[in-house]
Structure formats: structure tokens, C-alpha cells
Amino acid sequence: MKKSIVALAVSSAALASVSAYAAEDTSLDFYGNIQYAYTSDTADGTNFQDNGSTLGVKGESKVTDDITAFFKYELEFKADEQEERSNDDGNGTDYNESKLDQAYVGLKGSFGKVTVGTHDTIYNNALQDAVDQFEYLSISMASGSSQGDTITYFSPSMSGFEVQVALQTKGTDDSSTDNGDFTGNAGMAVLKYSNDLMSVAVGYDSRENTAEDDADATSGIAVTVTPMDNLSVTAKYETTEDTADYLGLAARYGYGMGDVYGSYANVNPDSSQDDNETYNEYALGVTYSINSSMYTYFEIGNYGSDVKDEGSHTTSVVGVTYVF
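Below is a short write-up of the structure.

Rules behind the numbers
Residues numbered from 1 in each chain as written. Predicted model: local features only at pLDDT ≥ 70, side-chain atom pairs only at ≥ 80, totals over all residues. Heavy atoms only, no water. Helix = DSSP H or I, 4+ residues; strand = E, 2+ residues; numbered from the N terminus. Buried < 20%, exposed > 50% of the residue type's maximum accessible area, 1.4 Å probe, protein only. Contact = heavy atoms within 4.5 Å. Polar contact = N/O pair within 3.5 Å; in protein donor to acceptor, adjacent residues only side chain to side chain. Salt bridge = Lys/Arg side-chain N within 4 Å of Asp/Glu carboxyl O. Patch = residues over 30% accessible without salt bridge, like charges linked within 9 Å, V, L, I, M, F, W, Y side chains within 5 Å. Areas by Shrake-Rupley, 256 points an atom, 1.4 Å probe, with all protein chains shown as cover. Phe/Tyr/Trp six-rings, centres within 6.5 Å; stacked < 30°, edge-to-face > 60°. Lys NZ or Arg CZ within 6 Å of the ring centre and 35° of its normal. Core = buried A, V, L, I, M, F, W, Y, C linked by side-chain atoms within 4.5 Å.

This part covers the environment of tyrosine 295. Relative to the helices and strands, tyrosine 295 is located in strand E18 (residues 294–303). What makes tyrosine 295 partly exposed here is its relative accessible area of 21%. In sequence terms tyrosine 295 and valine 320 are 25 residues apart; their C-alpha atoms lie 5.9 Å from each other. Those residues in contact with tyrosine 295 that sit more than four places away from it in its chain are Glu135, Thr287, Tyr288, Ser289, Ile290, Gly319, Val320, Thr321 and Val323. A distance of 2.9 Å separates polar atoms of two side chains, one belonging to tyrosine 295 and the other to glutamate 135.

Structural data, given as C-alpha cells:
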């Protein structure tokens, strides 16, 4: 972790030096957060842990009066402990290192936006985030393509409509599978419509280069209604061919010092999935802002299982996040 952060600091210093000679229409920002969570699970016990602390840099610069170039580079690191582990060759120890969270470059303008690199998929952003809305907990959702190696286009809003398409390409080098990578291409598409009261998103993910052999495509629809500025309600339906159907419901209310939120998921495995059964998940949460940079939260969820007679388990968590 130390090496990665030092390397980022050196790179950041170099970028800052460059920015001193850049035009006034160039911007560069450093940001990050520290996240801690204490969890309790009726099946797995308790744990104090990091919850996805990050450190990043982003910037943009003018190309023309209508076109702007931009980038983002973000690392995720463990902030709860300095964990030792054996080196790959078995000699000595290494400390836990950071890992890439997001990294991309792009262009934006009146034509929309194009990105190349690694970030959350358009399918996940448009259909799943509003229901899987938790700081630590999560709600079951349909499987999608992984992040990375992706070219994405976001159209401008046209009378409330927006089109998003993405191509994830892993190349054709079969030797890469020895390292756990997978070859081929996967396509995603999202059509969104939004107005002051509601938004609707329809999405498709081919999942053609996932870890699964002959992975089936995922598709879905999500509808979010905002009857008040501080209240949103979302309903979502997803299906992965020959695998399972997912129904999700969620609500979020801003009470002034934070948010109160909850989600429900019903997972219905395909009839071809032997020994599996329909199950439900429920989760609730509340955040409280200590100031403009720091907030705390409490979440609790009950999770079923698709394995018959396995029963359910309950997870609760108290956490704190500082954003800078």
C-alpha cells in the first residue's frame, strides 16, 4: 500500500508541475475517502474492517470551445490494518497493496460523452444502483459484465431520452486465460427517459466474456418516481436467461441531516436450476451527517438463500466515512 500511495504522490507532483504551465482552462483535482465499518452477522460473527477507502485524481482540459478532454484515476486501499502476506516466491512478506477502482480517459461535448477504460458499467448504473443503494450491505441483482477494457458512449439528452452503449473487449489472446482473464467481446445498451417526476431505464448486457462458460444475457427495466424532492421510490425487474428472475423495490427519504432508505429483493431461480428455491432479502439503513465531510450510518439486512433448508441470516453494520 505504501509503495502505491508514494507512486501516486510522485505522479501527482509531476502532474501538478505540468499544470503550472497549462492553460487556464485546465483543471486538476485530488480527492478520496476513508471508510470504516463494524459488522455483525448471525452466521459469520463480527469484524472491524475497511469499507472501500479510495484515493484519486481527476482532471479536464479544453480541446475546442465545444470539446473537453478528461480523465480519472482512482485507487482503492485497505485502511483498517497493515496486513502481511507471503511474497509470490515465498520469501519475506509484502504488505497489502492498493488496487485499481476506476481509470479512464474521454471526450465530451454537444455530441455527448465517450470514455475508454474502467468504471461501473452502464447497466449497473442505470438499473441496479437505485435498489442496491447501501453503504456496506447489498441486495441480490442479476449478474453482469465485469469492469474494464470498455469503450462507452453516452448520448446527450434529447427531449428527455438518452442512449448509452458500451463494448467491453478482452482481445483474442487465449493465453491470458491462464491468469484468470477471459477473451472475447461483450456489449451493453441502455435507453433512459427522464422528466421532473420519473425516470425509466431499459438495459441489456450480453455477458459474452464473463468467467462462466456460455454465460447467458441479462436484461431488465427500472422505474424511479420522485413525488417530492427528498423522496424517491424505485421498482426494478431483471432476468438472466435460464438462470433467475430478480424483482427489486426501494425507497429513499432525505430527512435533513441524512437519509433513511430500504430495499427488498425477490430472487426466483429458473426451474432448470435443481434444488434451488425462491428467496427474499430485506435491508434498511440510515445515515447521519456529522458535517459536510463526515457522516456515519447504521444498516441491517435479512438474507435468504436459494439452497433449500439452509435458512436465512441477518447482518448489521455501523460505519463512518470521511470524504476529502
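Glancing now at unusual backbone geometry. Excluding glycine, residues mostly carry a negative phi; peptide bonds, for their part, are mostly trans. A positive phi is found at aspartate 149, a non-glycine position, where the angle reads about 55 degrees. Positionally, aspartate 149 belongs in the loop between helix H2 (122–128) and strand E9 (150–154). You can call aspartate 149 partly exposed: its relative accessible area is 42%. A positive phi angle, near 55 degrees, is found at arginine 207, a position not held by glycine.

Another aspect to go through is the pattern of salt bridges. Across all of its chains, the model carries 4 salt bridges by this definition. Of the charged contacts, one joins lysine 108 and glutamate 60 as a salt bridge, the two residues approaching to 3.1 Å between their closest N and O atoms. Pair noted here: lysine 108 is in strand E7 (residues 99–109) and glutamate 60 is in strand E3 (residues 53–62), with a separation of 48 residues, a long-range link. Lysine 236 serves as the salt-bridge partner of glutamate 238, at 2.9 Å between the closest nitrogen and oxygen. Accessibility assignment for this pair places glutamate 238 and lysine 236 in one class, buried.

Among the surface-exposed residues, Met158, Phe161, Val163, Val165, Leu191, Val202, Ile221, Tyr237, Leu247 and Leu249 lie close enough to one another that they form a single nonpolar patch of about 800 Å² accessible area. Of all the elements in the fold, those that place two or more residues in the nonpolar patch are strand E10 (161–169) and strand E15 (244–254). Counting residues per element, the nonpolar patch draws most heavily on E10, which supplies 3 residues. Along the chain, leucine 249 falls in strand E15. We classify leucine 249 as partly exposed; its relative accessible area is 39%.

Let us now look at the packing of aromatic side chains. Applying the stated criterion across every chain yields a total of 5 aromatic pairs. Taking the centre distance of 5.6 Å and the plane angle of 25 degrees together, the rings of tyrosine 36 and phenylalanine 48 count as stacked. Taken as a pair, tyrosine 36 in strand E1 (residues 26–41) and phenylalanine 48 in strand E2 (residues 45–50) lie far apart in primary sequence, 12 residues in all. Taking the relative accessible area as the measure of exposure, phenylalanine 48 reaches 47% and is therefore partly exposed. With a centroid separation of 4.7 Å and an interplanar angle of 45 degrees, the aromatic rings of phenylalanine 161 and tyrosine 193 are classed as tilted. Of this pair, phenylalanine 161 sits in strand E10 while tyrosine 193 sits in strand E11 (residues 185–194), and the two are 32 residues apart along the sequence. Owing to a relative accessible area of 40%, phenylalanine 161 belongs among the partly exposed residues under this scheme. The ring of phenylalanine 70 carries lysine 108 above its face, with NZ or CZ at 5.6 Å from the centroid. In this structure, arginine 252 packs its charged tip against the face of tyrosine 261, placed 4.3 Å from the ring centre.

Burial of nonpolar side chains together is a common tendency in soluble globular proteins. Among the nonpolar cores identified, the biggest contains 12 residues, and these are Ala37, Val131, Phe134, Leu137, Ile139, Ala250, Tyr261, Ala265, Ala283, Tyr297, Tyr303 and Val317. Counting only elements with at least two residues in this core, the list comes to strand E16 (259–269) and E18. Non-local contacts of valine 131, meaning those with residues more than four positions away in its chain, are made with Ile139, Thr234, Lys236, Gly248, Leu249, Ala250, Ser263 and Tyr264. One finds Ala126, Leu127, Ala166 and Ala222 within the second-largest nonpolar core, a separate group that totals 10 residues.

Our focus in this paragraph is the side chain of glutamine 164. With respect to the helices, strands and loops of the structure, glutamine 164 is situated in strand E10. Side-chain polar atoms of glutamine 164 contact the side chain of glutamate 162, separated by 3.0 Å. Setting aside residues up to four positions removed in sequence, glutamine 164 forms contacts with Ile122, Tyr153, Phe154, Met188, Ala189, Val190 and Lys192.

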